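Descriptive analysis of the structure
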Amino acid sequence: MSGKTVVRGELSVPGDKSISHRAVMVAALATGVSRVGGFLHAADTLSTVGMMRALGARIEEVSPTELRIEGLGLRGLVEPADVIDAGNSGTTIRIGSGILAAQPFLSVITGDRYLRRRPMGRVIDPLARMGASILGRDGNRLPPLCIRGGPLRGIRYEMPVASAQVKSSLLLAGLYADSPVTVVEPKRSRDHTERMLAAMGAGVARDGNAVTVAPCERLDPLVMTVPGDLSSAAFFLVLAAVTPGSSLTVRGVGVNPFRTGILDVLRGMGADIRQVGERVEGGEPVADLVVQGAELVAARVGPEEVPGLIDEVPILCVAAAFAAGRTEIRGAVELRVKESDRIAAMVDCLSSLGIPCGEYPDGLWVEGPAGVSPAGPCDSRGDHRIAMSLRILGAAAGVRVEVTDVDCIDTSFPGFQPLLEGLTR
Ligand code: S3P
């Protein structure tokens, strides 16, 4: 079965989440006034705004997507008067910890009940090696984190898992260290932080999978427009891709080469996706994505490809349900520690809809083409990407799929539901 709902037209999606978080953090550390357009105005990125305001930065919403940020300079942050709340945002707490570890004051940072279950040892351990003092629950593994910031030393750190959050945390801490910090990744992850820091005048050097940041006295202000979020666009790209007859253009999407794995895999499944009008905005590659619906075939995704599509696995599972054959995704154990255990969440939900699928310790398989027969509500587990994937599945199949806790979609994509309704009406 291919999708039933033909979609036609064009749309744009909100600003990139990863880039929006980073823009607010580094602009607050810059010397002078930064301007960030295309900012993602969503719960996650507003958590980062809240954190940087708590540290003294003046952040003015000129409009919901346009920020004017008066940077305090690298050494101008102030001790927060209260516990910082990162909400649901792993990016806020993990990258934020790198900044906080370098400040001459005490910070306590926590998050919602989902974030308080997510592993923080991956930033605590290397930051501790740099000399930071960070305490957390469960033997320094879980939030809340209590960070007594202070002088840091440079290190060379070989990351056990590819993580742009950990890399970025260490690079920002490295700005304050007494000697360079080098982070070596097992596989390359998104490089937004490196691009931004280099544009702001920091010393950033890359050598294969290693990236080094030099200690820094001053960052220039940032003036940038954040591109549309490919991770948000992916929901609509899949909706169109699984339905022959569909034709959809998503305008102004960031196509950073370490984020475009979903496009490669969908193309390998037979999807017709073209990148047109390629340009560079704010130091990031941007394009319009044009997709024509087609009959898809199954894919095999292995560990090499996972970092480039880590957030798109739930929606890839939806594409797999419409594709002929058995799609397998392996080497994706990281999915178990995202906003939810996304392997278990997708297998639970797809099974409850009658779609053949199963778990591996490090991934999952989905067999298509499958009919969709709801037998009760699907549990989003409070995870925005699970909720949106299920919504797309229902829309593509032309079946009403009930999903619990859809409010969590506002974490990354306010406006998703009206956009979907407008396309499928
Ligand atoms: C992100 C990195 C990824 C990704 C997350 C955003 C970032 O997490 O899943 O949604 O902005 O750096 P990891 O660093 O844990 O891989």
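Residues numbered from 1 in each chain as written. Predicted model: local features only at pLDDT ≥ 70, side-chain atom pairs only at ≥ 80, totals over all residues. Heavy atoms only, no water.

**Remarks on the site of the ligand**
Stated precisely, the cut-off is as follows: The nearness test applies per residue and asks whether one of its heavy atoms lies within 4 Å of the molecule or strand. As used in this structure description, the phrase polar contact means that two N or O atoms lie within 3.5 Å; if the pair is within protein, one of them must be able to donate a hydrogen and the other to accept it, and residues adjacent in sequence are counted only when both atoms belong to side chains. Accessibility throughout is a Shrake-Rupley quantity obtained with a 1.4 Å probe, and a residue counts as covered only by protein chains that appear here. Secondary structure follows DSSP: runs of H or I at least 4 residues long count as helices, runs of E at least 2 residues long count as strands, and numbering of each begins at the N terminus. Three classes are used: nonpolar for Ala, Val, Leu, Ile, Met, Phe, Trp, Tyr, Cys and Pro, charged for Asp, Glu, Lys and Arg, and polar for all others, with Gly counted as polar. Start and end points for every domain follow an automatic or database-based domain assignment.
As a matter of local geometry, the ligand sits amid Ser18, Arg22, Thr91, Arg94, Ala162, Ser163, Ala164, Gln165, Arg190, Ile310, Asp311 and Lys338. Within the backbone of alanine 164, one N or O atom sits 3.1 Å away from an oxygen atom of the ligand. One of the side-chain nitrogen or oxygen atoms of lysine 338 is found 2.7 Å away from an oxygen atom of the ligand. Look at the ligand: alone it shows 380 Å² of surface, and the protein chains cover 95% of it. Breaking the shell around the ligand down by element, the ones donating at least two residues are α1 (17-29), α3 (90-100) and α6 (164-174). When its residues are assigned to classes, the shell around the ligand shows three nonpolar, four polar and five charged. Each of domain 1 (8-15 + 227-424) and domain 2 (17-211 + 220-225) contributes no fewer than three residues to the shell around the ligand.

**Describing the sheet that holds strand β15 (residues 272-281)**
Quick reminder of the rule: Criterion used throughout: strands pair if DSSP finds at least two bridges between them. A fitted line through C-alpha atoms serves as each axis, taken over the contacting stretch for helices, and the angle formed by two N-to-C directions is quoted from 0 to 180°.
Judged by pairing direction, the sheet is mixed, and its four strands sit side by side in the order β1-β14-β16-β15 without closing on themselves. Of all the strands in the sheet, the pair left with one neighbour each is β1 (8-12) and β15. Between one strand axis and the next, the sheet turns by 15 degrees as a mean value, whatever way the strands run. Strand direction decides the pairing type here: β1 and strand β14 (residues 247-254), joined by five bridges, are parallel.

**Section: the packing of helix α12 (residues 384-397) against helix α13 (residues 416-424)**
Put simply, the rule is: When an angle is under 35 degrees it counts as roughly parallel; over 145 it counts as roughly antiparallel; between 65 and 115 it counts as roughly perpendicular; any other value is oblique. Should any heavy atoms of two residues lie within 4.5 Å, those residues are counted as being in contact.
Here α12 crosses α13 at 10 degrees, and the two axes come no closer than 12 Å. The angle between α12 and α13 places the two elements in the roughly parallel class. Residues Met388, Arg391, Ile392 and Ala395 of α12 form the contact with α13, whose own contacting residues are Phe416, Gln417, Leu420 and Thr424. Residue composition of the contact of α12 with α13, by class: five nonpolar, two polar and one charged.

**Here's the deal with the pairing of strand β6 (residues 106-110)**
Operational definition: Whether a crossover is right-handed comes down to one check: with the strands pointing away from the viewer, does the path from the first strand over the helix to the second run clockwise; if it does, it is right-handed.
Here two bridges tie strand β5 (residues 84-85) to β6, and the two strands are oriented parallel to one another. Considered in β6, the bridge of isoleucine 84 is made with isoleucine 109. Of the crossover connections in this fold, the one passing from β5 over α3 to the parallel β6 is right-handed.

**Section: the domain arrangement of the protein chain**
Going by this rule: In short, buried area is how much 1.4 Å probe accessible area vanishes from two parts on joining, totalled over both.
Segmentation of the protein chain into domains returns domain 1 (8-15 + 227-424) and domain 2 (17-211 + 220-225). A separation of 28 Å is found between the C-alpha centroids of domain 1 and domain 2. For the domain 1 and domain 2 pair, buried surface summed over both sides reaches about 2,400 Å², with 51% attributable to carbon and sulfur atoms. When the area that domain 1 buries against domain 2 is broken down by residue, the three leading residues are Phe258, Glu339 and Thr411, summing to 24%. Summed over the shared surface of domain 1 and domain 2, the number is 13 residue pairs in polar contact (both at pLDDT 80 or more). Elements represented by at least two residues in the side of domain 1 that touches domain 2 include exactly β16 (284-292) and α12. Its residues assigned to classes, the side of domain 1 that touches domain 2 comprises 10 nonpolar, eight polar and 13 charged.

**Describing a negative patch on the surface**
The criterion, for reference: Patches in this entry comprise residues that are over 30% relatively accessible and not in a salt bridge; like charges within 9 Å are linked, as are nonpolar side chains (Val, Leu, Ile, Met, Phe, Trp, Tyr) within 5 Å. Put simply, a salt bridge is a Lys or Arg side-chain nitrogen that is within 4 Å of an Asp or Glu carboxyl oxygen. His is not counted, nor are the chain ends, whereas Lys and Arg count as positive and Asp and Glu as negative. Charge positions are represented by NZ for Lys, CZ for Arg, CG for Asp and CD for Glu. Relative accessibility under 20% of the residue-type maximum defines a buried residue, over 50% an exposed one, and the middle range a partly exposed one, all with a 1.4 Å probe and only protein chains included.
A contiguous patch of negative charge on the surface is contributed by Asp379, Asp405, Asp407 and Asp410. Mapped onto the fold, aspartate 405 is located in the loop between α12 and α13. The exposure class assigned to aspartate 405 is partly exposed, which follows from its relative accessible area of 39%.

**Digging into the sheet that holds strand β10 (residues 181-184)**
Ordered by their spatial adjacency, four strands build an open sheet running β9-β10-β12-β11, and the pairing between neighbours is mixed. Unpaired on one side and paired on the other, β9 (156-158) and β11 (204-207) mark the two borders of the sheet. Neighbour-to-neighbour, the strand axes of this sheet turn through a mean angle of 15 degrees, independent of strand direction. Two strands pair when backbone bridges link them, and β11 and strand β12 (residues 210-213) are joined in this way by four bridges, in the antiparallel orientation. Pairing of arginine 206 across the sheet is with valine 211, part of β12. Relative to β11, helix α7 (residues 192-199) is tilted by about 140 degrees, and along the sheet it contacts β11 and β12.

**Examining the pairing of strand β3 (residues 58-63)**
Summarising the sheet, β3 and strand β4 (residues 66-72) pair through five bridges and their orientation is antiparallel. Bridge pairing links isoleucine 59 to isoleucine 69 in β4. Taken together, β3 and the strand that follows it, β4, pair antiparallel across an intervening segment of two residues.

**Focus: the environment of glutamate 70**
Along the chain, glutamate 70 falls in strand β4. In this structure the C-alpha to C-alpha distance between glutamate 70 and arginine 259, which are 189 residues apart in sequence, comes to 30 Å. Glutamate 70 has contacts with Gly32, Val33, Ala57 and Arg58, leaving out every residue within four places of it along the chain. One polar contact links glutamate 70 to arginine 68, side chain to side chain, over a distance of 2.9 Å.

**As for helix α8 (residues 230-241)**
With 12 of 12 residues buried, α8 lies mostly within the body of the structure. Three or more residues of α8 are buried, namely Leu230, Ser231, Ser232, Ala233, Ala234, Phe235, Phe236, Leu237, Val238, Leu239, Ala240 and Ala241. The opening residue of α8, the one whose side-chain oxygen lies 2.8 Å from the backbone nitrogen of serine 231, is aspartate 229.

**Section: the packing of aromatic side chains**
The following threshold applies: Aromatic pairing here means that ring centres of Phe, Tyr or Trp (its six-membered ring) are within 6.5 Å. Orientation follows from the plane angle: under 30 degrees is stacked, over 60 is edge-to-face, and everything else is tilted. Here, a charge over a ring means that NZ of Lys or CZ of Arg falls within 6 Å of the ring centre while also lying within 35 degrees of the ring normal.
One pass over the structure, following the stated rule, counts four aromatic pairs. Plain terms: the ring middles of phenylalanine 236 and phenylalanine 416 are 5.5 Å apart, the flat faces sit at 45 degrees to each other, and that makes the pair tilted. Of this pair, phenylalanine 236 sits in helix α8 while phenylalanine 416 sits in helix α13; the two residues are 180 residues apart in sequence, bridging distant segments of the chain. Judged by relative accessible area, which is 0%, phenylalanine 416 ranks as buried. By way of ring pairs, the aromatic residues Phe235, Phe236, Phe413 and Phe416 are connected into one cluster. A cation over a ring is seen here: arginine 326 above tryptophan 365, with NZ or CZ 3.9 Å from the ring centre.

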